[in-house]
Amino acid sequence: MFQRGNESALRAAVRRTVHETPVTDLHTHLYAPPFGALLLYGVDELLTYHYLISEVFRATRMPYDQYWALSKREQADLIWKTLFIERSPISEACRGVITSLDKLGLDVGSRNLDSYRDYFADADPDAHVNRVFAAANVHDVVMTNDPFDEVERPAWENGYAGDKRFHAALRIDPLLNNYVYASEMLRGWGYNSTTHVDSSALSEVRRFLSDRVKRMNALYMAVSLPPDFAFPEDSLRAKLIAECIVPVAAQHNIPFALMIGVKRAVNPALKLAGDGVARADVGAVERLCAEFPKNKFMVTMLARENQHELCVAGRKFPNLFIFGCWWFLNNPSLIEEMTRMRLELLGLSVTPQHSDARVLEQVIYKWEHSRAIIAKVLEEKYCDLLNTGWNVSDSEIARDVEGLLGGNFWDFQQAVL
Ligand code: FIX
Ligand code: ZN
């Protein structure tokens with residue numbers, strides 16, 4: 001039991017517990033090994049992460065087409081030379097590559113890119129996943145599974161049987177953001193969906209969603225949304241949410257995750273790296289949670305300016321679960337600000353972070369960096385308690401940290417409202 005005066009021992013215990021507690025990473029773009037080439041790993045993939053692509057164009061004057069014409073290895077060479085050798089790799093995305101290599105036991109002091117390549121060459125994906133998850137102390141991750149993705153679909157159709165380390169999440173962006181395209185695809189798969197959205201078209205969309213949730217054993221349905229996302233509104237998207245997503249989520253008792261605030265293709269020449277951010281309307285989240293109190297909503301927002309309002313909304317709606325520091329917020333200064341604010345306003349009822357990893361080894365740095373910040377904020381909060389005369393035990397710290405690093409998500413995911 002830690003008491004007033006034991007602050008330094010308490011701080012050490014918090015750091016150790018946060019470090020040693022395994023994570024459930026609730027949003028990634030990683031794939032289980034049976035998905036083949038969709039599971040990205042290795043130093044060339046790390047270097048060509050889209051976060052680094054936007055940084056390399058700021059440092060070179062290379063025309064976009066010239067970059068995209070390069071092979072993956074050449075792109076990685078260019079990024080290594082430009083962002084790691086010709087200037088120090090201090091941005092969060094650059095630092096992340098170094099942390100990941102270091103934690104895998106590679107000599108980052110050598111700066112020998114080819115020796116890093118050798119390390120990953122011929123890795124057995126299955127064993128490599130175990131090695132990386134062990135280095136990151138990640139227990140399991142949630143994938144992003146897009147039924148409209150032609151590359152991913154065959155794996156499901158060919159009988160993919162699941163992998164305890166990789167859970168599925170049904171991602172439905174095309175349905176809510178590009179319905180004409182989505183309904184055409186549905187027709188191709190035998191659903192009688194029409195672009196004129198009448199009650200039978202809606203029922204076919206529900207049948208499709210329900211079939212996919214079952215086939216994938218999806219933990220939740222998810223969508224990313226633009227800053228002008230509104231609810232309710234007189235739009236196809238709002239209709240599909242209210243009449244398809246909400247009832248199917250309720251039927252399977254799974255949350256609907258909304259990731260709000262991305263401005264897609266602000267600079268299309270950058271491809272995946274070309275998306276931006278803007279402030280969105282937290283009122284839309286509040287109205288959704290109020291109108292469907294028996295449904296569970298998971299929300300993360302991309303704009304820093306939305307974070308305080310979102311926390312306050314979390315205080316009003318038990319069916320709203322706030323998670324992660326998404327994308328442009330996944331930087332130490334902002335993670336610290338958001339984690340402190342969330343713990344102060346919402347206590348231990350959140351998941352402070354997800355990795356959004358697209359390349360396997362990214363889970364190492366994303367969690368290494370975030371764990372340090374989560375521990376720092378928690379240390380401060382427990383010390384504040386100690387200074388009032390409240391005592392804190394090791395098992396209470398373990399319980400709280402397990403919740404933050406995964407347990408809270410699982411509780412919410414399984415809760416019946
Ligand atoms: O929509 C999303 O899930 C985003 O996280 C991605 O689209 C984005 O490209 C990303 O990788 C951010 O970290
Ligand atoms: Zn993502």
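See the structure shown above.
Residues numbered from 1 in each chain as written. Chains lettered and ligands numbered in written order. Predicted model: local features only at pLDDT ≥ 70, side-chain atom pairs only at ≥ 80, totals over all residues. Heavy atoms only, no water.

(A) Layout of the overall build of the protein chain. The helix and strand tally for the protein chain stands at 18 helices and 10 strands. Its C-alpha radius of gyration of 22 Å places the protein chain within 12% of the 22 Å reference for a compact globule of 417 residues. Overall size of the protein chain, expressed as C-alpha extent along the three principal axes, is 65 × 60 × 40 Å. Here the protein chain holds 417 residues, and the buried ones make up 56% of them. Charged side chains of the protein chain number 45 positive and 54 negative; the gap between the two group centres comes to 2 Å. (Helix = DSSP H or I, 4+ residues; strand = E, 2+ residues; numbered from the N terminus. Rg over C-alpha atoms; globule rule 2.2 N^0.38 Å. Buried < 20%, exposed > 50% of the residue type's maximum accessible area, 1.4 Å probe, protein only. Lys, Arg positive; Asp, Glu negative; His and termini not counted. Charge placed at Lys NZ, Arg CZ, Asp CG, Glu CD.)

(B) Quick look at the nonpolar core. Judged by nonpolar contacts, the single largest core of 151 residues is most densely connected at L209, M221 and F256. Ranked by the residues each element gives to this core, the list is headed by helix α17 (residues 362–386), at 12 residues. Here F256 is in contact with I172, L176, M221, A222, V223, I241, I245, K296, F297 and M298, once residues within four sequence places are set aside. (Core = buried A, V, L, I, M, F, W, Y, C linked by side-chain atoms within 4.5 Å. Contact = heavy atoms within 4.5 Å.)

(C) Fine view of the packing of helix α16 (residues 332–346) against α17. Interaxial distance between α16 and α17 falls to 9 Å at its minimum, and their mutual angle equals 40°. Judged on the interaxial angle alone, α17 and α16 are oblique. Crossing geometry of α16 relative to α17 is assigned as right-handed. Packed against α16, whose contacting residues are P332, I335, E336, T339, R340, L343 and E344, the element α17 presents S370, I373, I374, K376, V377, L378, E380 and K381 at the interface. Of the residues in the contact of α16 with α17, the class split is seven nonpolar, two polar and six charged. (Axes fitted to C-alpha atoms, helices over the stretch in contact; angles between N-to-C directions. Parallel < 35°, antiparallel > 145°, perpendicular 65-115°, else oblique. Left-handed = near helix turned anticlockwise from the far one by under 90°. Nonpolar A, V, L, I, M, F, W, Y, C, P; charged D, E, K, R; others polar.)

Just geometry here; none of it tells us what the structure is for.
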